[in-house]
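A closer look at the structure
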Amino acid sequence: MHFYISATLTYDTLGFGEFDDFPETSEPVWILGKEFNALTEKDDILSHVTSRLWFTYRKNFPPIGGTGPTSDTGWGCMLRCGQMILGEALVRRHLGRDWRWVRSQSQREDYIGILNAFLDKKDGYYSLHQIAQMGVGEGKSIGQWYGPNTVAQVLKKLAVFDSWSRLAVHVAMDNTVVIEEIKRLCMPWLDYGGAACVDLQGGMSERNGCLEGACALAEEETALWNPLLLLIPLRLGLSDINEAYIETLKQCFQLPQSLGVIGGKPNSAHYFIGYVGEELIYLDPHTTQPAVEPCEDSQVPDDTYHCQHPPCRMHICEIDPSIAVVREPETLGAGLPMFELIDCQPSHFACSVDVLNLNPDFSDSDRLERFFDSEDEEFEILSL
């Protein structure tokens with residue numbers, strides 16, 4: 001399918017003033033779970049978009065692995081899109097969904113902590129260096145282009161080492177979200193059978209194994225729920241998206257838990273954050289900017305980490321049918337369901353505790369590699 005349209009042009013070929021302005025339309029604008037009016041709230045829309053972390057190609061950073069590439073131009077776009085989804089999750093986690101970035105404003109300590117995790121250096125939790133080197137374990141050489149599943153699996157492994165965020169990353173398999181797997185990951189104090197034993201008031205307290213999530217816990221116990229980043233790789237058609245899924249896909253951007261969508265095809269991945277009418281709104285990583293170093297006072301020059309022009313747009317039919325949804329799933333309105341939600345793992349699934357193991361085991365990645373990461377195949381990843 002054809003994926004390139006004029007809206008994908010970036011700073012490498014255009015100046016700031018040459019981007020299309022946001023459309024004048026009475027149709028609602030949905031961006032990451034928030035609704036806007038394009039006629040009366042254009043400034044709010046642009047502020048909301050600008051506040052998202054924007055990760056692009058960089059150059060002149062320390063060599064990856066000591067002797068590897070010093071730029072990711074041409075191969076790092078999917079890695080940058082994965083960083084944007086995870087960055088949005090961390091902003092929600094530490095700053096809240098209503099946080100807004102203001103240029104030249106003094107930075108909060110938590111915000112600096114988030115940015116430092118993504119700077120292009122070897123010791124950042126989610127730096128390009130870490131992602132590229134962790135990908136070697138999945139059979140991806142440093143400098144090789146990644147598919148969406150590879151990025152999802154690598155971020156899942158890296159999140160284990162981020163004790164500050166305590167983020168549980170789960171990649172659902174086979175278009176199916178298994179509630180039991182989510183509980184085990186986000187409530188590790190549950191025993192294998194689903195019952196719980198936890199010392200809350202100096203004694204042991206048993207809980208029903210039918211908890212539906214953190215909302216089912218008493219207020220003082222919610223700290224026991226690890227925040228969840230749920231990735232659901234999907235295919236919504238063959239060569240093109242099935243129109244029966246379009247409304248369901250659009251409704252995903254309306255969920256307050258929405259983290260967006262990543263996808264594209266080799267050398268052209270994008271981070272989709274919303275829609276207006278029949279157009280998807282996205283951030284484009286395909287511009288090369290100099291690597292950034294923290295200042296002596298530990299502040300981070302952050303202007304280049306926020307997109308300060310109207311966001312790019314493409315028609316929804318341009319999206320590739322392979323996607324991955326991120327978030328605790330909910331029943332959406334009209335349209336075909338995009339994935340299945342079940343309580344327990346069915347017998348026809350491969351029964352292996354390794355699926356839930358947070359140690360660097362890439363069996364999950366290998367399972368989807370042939371389907372989602374073929375270098376000849378276009379793809380898309382949806383995140384909510």
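See the structure above.
Residues numbered from 1 in each chain as written. Predicted model: local features only at pLDDT ≥ 70, side-chain atom pairs only at ≥ 80, totals over all residues. Heavy atoms only, no water.

**Digging into the overall build of the protein**
Put simply, the rule reads: Labels follow the DSSP assignment, with helices taken as runs of H or I lasting at least four residues and strands as runs of E lasting at least two, numbered in each case from the N terminus. The cut-offs for exposure are 20% and 50% of the maximum accessible area for each residue type, with area from a 1.4 Å probe on protein chains only; residues under the lower value are buried, those over the upper are exposed, and the others partly exposed. Contacts between residues were defined by any pair of non-hydrogen atoms, one from each residue, lying within 4.5 Å. Here the Shrake-Rupley method, with its probe set to 1.4 Å, supplies the accessible areas, and only the displayed protein chains count as covering residues.
When helices and strands are tallied, the protein shows eight helices and 16 strands. A buried classification covers 56% of the 384 residues belonging to the protein. In the protein, of all internal contacts separated by at least 6 residues, the share reaching a separation of at least 24 is 74%. Approximately 16100 Å² of the protein is accessible, and the part contributed by carbon and sulfur atoms is 51%.

**Describing the nonpolar core**
Test applied: Only buried residues count toward a nonpolar core. Its members are Ala, Val, Leu, Ile, Met, Phe, Trp, Tyr and Cys residues joined through side-chain atoms within 4.5 Å.
Counting 66 residues, the largest nonpolar core has V29, I31 and Y271 as its most contacted members. Counting residues per element, this core draws most heavily on helix α2 (residues 77-94), which supplies 10 residues. If sequence neighbours within four positions are ignored, V29 has contacts with F22, K34, E35, F36, A38, I45, Y275, V276 and I281. Counting residues in each nonpolar core, the second largest holds 14 residues, with W30, L249, V261 and Y282 among its members.

**Brief notes about the packing of aromatic side chains**
Note the threshold: Only Phe, Tyr and Trp rings are paired, with Trp represented by its six-membered ring, and only when their centres lie within 6.5 Å; those with planes under 30 degrees apart are stacked, over 60 edge-to-face, the remainder tilted. Whether a charge sits over a ring depends on NZ of Lys or CZ of Arg being within 6 Å of the ring centre and within 35 degrees of the ring normal.
Following the criterion strictly, the structure yields seven aromatic pairs and no others. Three or more aromatic residues link up through ring pairs in this structure, and these residues are F55, F118, Y125, Y126 and Y305. Between the NZ or CZ atom of R58 and the centre of the ring of Y305, over which it lies, the distance is 4.3 Å. Lying across the ring of F22, R313 places its NZ or CZ 5.9 Å from the centre.

**Quick word on unusual backbone geometry**
Of note, the phi angle at N60 is positive, near 65°, even though the residue is not glycine. Its place among the elements puts N60 in the loop between β3 (57-59) and α2. Its identity is not glycine, yet S104 carries a phi of approximately 70°, on the positive side. Looking at the secondary structure, you find S104 in the loop between α2 and α3 (109-118). The exposure class assigned to S104 is exposed, which follows from its relative accessible area of 73%.

**Examining the environment of G68**
Relative to the helices and strands, G68 is located in the loop between β3 and α2. G68 gets classed as partly exposed once you look at its relative accessible area, which sits at 26%. Each C-alpha atom of the pair G68 and G143 lies 8.1 Å from the other, and the pair is 75 residues apart in sequence.

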